[in-house]
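One-letter residues, chain by chain:
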Amino acid sequence: MTNLHAPMQQSKLQNYNSPRGAEAYKADYGNKLHRKWSDKRERALLAGYFAEIGDVDSILDLPCGHGRLADFLKSRCKTLVEADWSFTMVSLNRGDHGDDGRRYFRASALEVPLPDRSVDVVLSFRLSHHLETQDLRERHLRELFRVAKKAVIVTWFSATSLKNLLRQVRVVLAGKKPKNVLRNERVRAVAAECGYTQRRARPLFRIGSGHVVGLFFRDGAAR
Ligand SMILES: C[S@@+](CC[C@H](N)C(=O)[O-])C[C@H]1O[C@@H](n2cnc3c(N)ncnc32)[C@H](O)[C@@H]1O
């Protein structure tokens, strides 16, 4: 894999790829209050989005991490495809969730090794804000839209969120690193170029988080 395939900051990637880092990420969702809240809110949003999508044959979850959402997603499809750049995350996930109705592989979300429109729903949670350039964040979106047959559910860090506006002040006054953001209208424009329309774009939380969870439907796809 080259930097093109996995352009996240190297220290973060190494962490996700190490057994210790992968286990720590998993443990955070059991121990830390803010992680539990965001997990609960994400599931509530996803439940609403899947009520609109309906049950489907296949879902690709990329990056799947340790499979935080795996059982939730499996209950909405016949075949769940779990993929991540980190071998360690994929094997942790497989060890915890087994193979029944599930497939696992290592892949980059920037160059997904699947044909166009090969999976009904593609979901990509908590990756965009790790991608260091606008170009990579848009490339990520385009790959999701290419592979999905019906719908895409994706998170990004909103440029207009309160959290980002506050960060911009700290960038100027305290030399902080800028967030890896996307403007919501730019996400809609990329979706439109790929033949998709935005159906929902809900903030995870209005205060304390800049993440948006978007739902997009392929134009003209049967539902
Ligand atoms: C914050 S975790 C999110 C995992 C999962 N989506 C969740 O919400 O729990 C980020 C994940 O992205 C993976 N990752 C980093 N760069 C990637 C890339 N280019 N393609 C696919 N996965 C990547 C990491 O290995 C890690 O598992």
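Worth saying up front: this structure is predicted, and the values here are computed from it rather than measured.

Once that is clear, we can look at the environment of Trp156. Within the secondary structure layout, Trp156 lies in strand β5 (residues 148–157). A relative accessible area of 1% means that Trp156 is categorised as buried. With 28 residues separating them in the primary sequence, Trp156 and Asn184 have C-alpha atoms 8.8 Å apart. Reaching out from Trp156, the side chain makes a polar contact with the side chain of Asn184 at a distance of 2.8 Å.

Take the pattern of salt bridges next. Enumeration according to the criterion identifies 20 salt bridges in this entry. Note that Asp99 and Arg94 form a salt bridge whose closest N and O atoms lie 2.9 Å from each other. A relative accessible area of 41% means that Asp99 is categorised as partly exposed. Look at Arg94 and you get partly exposed, because its relative accessible area is 44%.

Here the focus is the pairing of strand β4 (residues 119–124). Of all six residues that make up β4, six are buried, and the element is covered over most of its length. Note: strand β1 (residues 56–61) against β4, three bridges, orientation parallel. By the bridge assignment, Asp61 is partnered in β4 with Leu123. Inspection of the sheet shows β4 paired to β5 by five bridges, in the parallel sense. Following the sheet pairing, Ser124 is matched in β5 by Val154.

Turning next to the pairing of β1. Counting buried positions along β1 gives five out of six residues, so the element sits mostly inside the fold. Taken together, the five bridges between β1 and strand β2 (residues 77–84) define a ladder with parallel strand orientation. Within β2, the position partnered with Leu60 by the bridge is Val81.

We now examine the nonpolar core. Across soluble globular proteins, you tend to see nonpolar side chains buried next to one another. Leu60, Val122, Phe145, Val152 and Phe216 are the most contacted members of the largest nonpolar core, which has 28 residues in total. Taken together, the elements giving at least two residues each to this core come down to β2, β4, α6 (134–147), β5, α8 (184–193) and β7 (211–218). With five residues, α6 is the largest single contributor of residues to this core. The contacts of Phe216, once residues within four sequence positions are left out, are Phe145, Lys150, Ala151, Val152, Val154, Trp156, Val187, Ala191, Tyr196, Thr197, Gln198 and Arg199. Counting residues in hydrophobic clusters, the runner-up holds 22 residues, among them Ile53, Val56, Ile153 and Val213.

A few words now on a nonpolar patch on the surface. Together, Leu33, Trp37 and Phe205 line one region of the surface with nonpolar side chains, adding up to about 330 Å² of accessible area. Looking at where Leu33 falls in the secondary structure, it is placed in helix α3 (residues 33–53).

So, on to the packing of α6 against α8. Two packed helices can be described by the angle between their axes and the distance between those axes. The contact between α6 and α8 brings their axes to 10 Å, and the two run at 40 degrees. Looking at the two axes, α6 sits oblique to α8. Crossing of α6 over α8 shows right-handed handedness. Of the residues in α8, those touching α6 at Gln134, Glu138, Leu141, Arg142 and Phe145 are Arg186, Val187, Val190, Ala191 and Glu193. Partitioning the contact of α6 with α8 into residue classes produces five nonpolar, one polar and four charged.

Rules used in this analysis
- Residues numbered from 1 in each chain as written.
- Predicted model: local features only at pLDDT ≥ 70, side-chain atom pairs only at ≥ 80, totals over all residues.
- Heavy atoms only, no water.
- Helix = DSSP H or I, 4+ residues; strand = E, 2+ residues; numbered from the N terminus.
- Buried < 20%, exposed > 50% of the residue type's maximum accessible area, 1.4 Å probe, protein only.
- Polar contact = N/O pair within 3.5 Å; in protein donor to acceptor, adjacent residues only side chain to side chain.
- Salt bridge = Lys/Arg side-chain N within 4 Å of Asp/Glu carboxyl O.
- Pairing = 2+ DSSP bridges.
- Core = buried A, V, L, I, M, F, W, Y, C linked by side-chain atoms within 4.5 Å.
- Contact = heavy atoms within 4.5 Å.
- Patch = residues over 30% accessible without salt bridge, like charges linked within 9 Å, V, L, I, M, F, W, Y side chains within 5 Å.
- Areas by Shrake-Rupley, 256 points an atom, 1.4 Å probe, with all protein chains shown as cover.
- Axes fitted to C-alpha atoms, helices over the stretch in contact; angles between N-to-C directions.
- Parallel < 35°, antiparallel > 145°, perpendicular 65-115°, else oblique.
- Left-handed = near helix turned anticlockwise from the far one by under 90°.
- Nonpolar A, V, L, I, M, F, W, Y, C, P; charged D, E, K, R; others polar.

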